[in-house]
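The primary structure of each chain is shown beneath.
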Amino acid sequence: MEKVKYVVKLLTVVLLLGTVAINRDGRIISQDIEEWMSASGHKQVEPTEWITDDGSRKVSSVNIAQDISGFAAPTPVIIQISDNRIIKVEALKNSETPEFMNSAIEGGLLQQWDGSTLEEALSIHVDAVSGATMSSLALIKTVRRTLEYAASVEPKSTIEWFDWKTMIGLLVIIFGIMQSFIKYKSKRWRHIQLVLNVVVLGVWCGSFLSLSLIVNWIANGINFWTAIS
């Protein structure tokens, strides 16, 4: 009976968070609710690139960088190019926390590529913005993927399979999961897990769990490797 109560409570929490995700973002696991409920069910396809009235070329990341996520959702951009030089990089509407995105954009992150050729832009190293690490890293990776498309360069994987931060973070998560299956739990190991969560996942990886993060996952889905790296 107790187990049934726990399941009911868990389902109630999930439903509440799902309701918040729908009200805030209008999506569940990246599926637009209005489009899903519409009679046609057809999603309008966004163009990847086009030519503007002044002759410049615009390239959108919407269709080519869907797998790159920030806090929990993609960070789409449009890059304007003229005479093989970057005119402007513009961030599109996204589901990232506005405070973090504003911090990255107002810090001049998207201006780092202005004036450079496509070839030069691909070799530019841009650092993440302190205080908005996940959002700014996602923007940097998204811009690079879009530049690779614009320059007809084979895109590089955004997943660093052997990155030490990712692997150690994954081990901490596995260690925590294993403890939940131990019949006789030790307070000492529980304290060690809490310390690891704070030091490794929180401070080093910057991946503290929060209600906002969980709502983002429900609305936009989870990119597992991005979530722990």
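Now for a quick tour of the structure. Given the structure is predicted, the values throughout are model-derived calculations rather than measurements. (Residues numbered from 1 in each chain as written. Predicted model: local features only at pLDDT ≥ 70, side-chain atom pairs only at ≥ 80, totals over all residues. Heavy atoms only, no water.)

### Examining the overall build of the chain
The number of helices and strands found in the chain is nine helices and six strands. Residue pairs in contact within the chain that sit at least 24 positions apart in sequence constitute 59% of those at least 6 positions apart. Accessible surface for the chain amounts to roughly 14700 Å². Of this, 62% is attributable to carbon and sulfur atoms. (Helix = DSSP H or I, 4+ residues; strand = E, 2+ residues; numbered from the N terminus. Contact = heavy atoms within 4.5 Å. Areas by Shrake-Rupley, 256 points an atom, 1.4 Å probe, with all protein chains shown as cover.)

### Overview of the packing of helix α3 (residues 98–106) against helix α5 (residues 133–150)
Where α3 contacts α5, the axes come no closer than 8 Å and their chain directions differ by 55°. The pairing of α3 with α5 is recorded here as oblique in orientation. Here α3 runs over α5; the crossing is right-handed. On the side of α3, the interface is formed by Phe100, Met101 and Ala104, while α5 contributes Ser135, Ser136 and Leu139. For the contact of α3 with α5, the class distribution of residues is four nonpolar, two polar and no charged. (Axes fitted to C-alpha atoms, helices over the stretch in contact; angles between N-to-C directions. Parallel < 35°, antiparallel > 145°, perpendicular 65-115°, else oblique. Left-handed = near helix turned anticlockwise from the far one by under 90°. Nonpolar A, V, L, I, M, F, W, Y, C, P; charged D, E, K, R; others polar.)

### A look at the side chain of serine 136
Tracing the backbone shows serine 136 in helix α5. Within polar-contact distance, the side chain of serine 136 engages the backbone oxygen of threonine 133 at 3.1 Å. With sequence-adjacent residues up to four places away left out, serine 136 is seen in contact with Ala104, Leu109, Ala128 and Val129. (Polar contact = N/O pair within 3.5 Å; in protein donor to acceptor, adjacent residues only side chain to side chain.)

### Details of the sheet that holds strand β4 (residues 57–60)
Taken in spatial order, the four strands line up as β3-β4-β5-β6 in an open sheet, and their pairing is antiparallel. Every interior strand has two partners, whereas the edge strands, β3 (49–51) and β6 (85–91), have only one. With strand direction ignored, the average angle separating the axes of adjacent strands in the sheet is 20°. Direction of pairing for β3 relative to β4: antiparallel, over a ladder of three bridges. Bridge assignment links glutamate 49 to a residue of β4, and that residue is valine 59. (Pairing = 2+ DSSP bridges.)

### Details of the pairing of β4
Each regular strand displays side chains that alternate between the two surfaces of the sheet. In this structure, the hairpin formed by β3 and β4 is closed by a connection of five residues, where glycine 55 is found at a positive phi of approximately 90°. Taken together, the four bridges between β4 and strand β5 (residues 77–82) define a ladder with antiparallel strand orientation. Considered in β5, the bridge of lysine 58 is made with glutamine 80.

### A few points about a nonpolar patch on the surface
Together, Val195, Val198, Val199 and Val203 give the surface a local cluster of nonpolar side chains, amounting to about 360 Å² of exposed area. Within the fold, valine 199 resides in helix α7 (residues 187–204). (Patch = residues over 30% accessible without salt bridge, like charges linked within 9 Å, V, L, I, M, F, W, Y side chains within 5 Å. Salt bridge = Lys/Arg side-chain N within 4 Å of Asp/Glu carboxyl O.)

### Considering the pairing of β5
Along β5, five of the six residues are buried, which leaves the element largely enclosed by surrounding structure. In terms of strand pairing, β5 meets β6 through six bridges, oriented antiparallel. Bridge pairing in β6 places isoleucine 81 opposite isoleucine 86. Hairpin connection between β5 and β6: a loop of two residues separates the two successive antiparallel strands, and aspartate 83 in this loop has a positive phi of roughly 55°. (Buried < 20%, exposed > 50% of the residue type's maximum accessible area, 1.4 Å probe, protein only.)

### Some remarks on the nonpolar core
By size, the foremost hydrophobic cluster in this structure holds 21 residues, and its most contacted members are Ile79, Ile86, Val89, Trp113, Val143 and Leu147. Where this core is concerned, the elements lending two or more residues are β5, β6, α3, α4 (118–123) and α5. Top element by residues in this core is α5. It accounts for five residues. (Core = buried A, V, L, I, M, F, W, Y, C linked by side-chain atoms within 4.5 Å.)

### So, the side chain of threonine 146
Summarising the element assignment, threonine 146 is placed in helix α5. Aside from chain neighbours lying at most four places away, what touches threonine 146 is Val59, Ser60, Ser61, Ile64, Val77 and Ile79.

### Describing unusual backbone geometry
Positive phi outside glycine occurs at aspartate 83, with the angle close to 55°. Tracing the backbone through its elements, the reader meets aspartate 83 in the loop between β5 and β6. Despite not being glycine, asparagine 84 has its phi angle at roughly 65°, a positive value. Topologically, asparagine 84 is positioned in the loop between β5 and β6.

### Section: α7
When the terminal C-alpha atoms of α7 are compared, their 24 Å separation across 18 residues agrees well with the 26 Å that a helix rising 1.5 Å per residue should span. Approximately 25° is the largest bend angle found in α7, and it occurs at asparagine 197. Listed as buried for α7 are Gln193, Val200, Leu201 and Gly202. (Expected span 1.5 Å × (residues − 1). Bend = angle between axes of the 7 residues up to and from the residue.)

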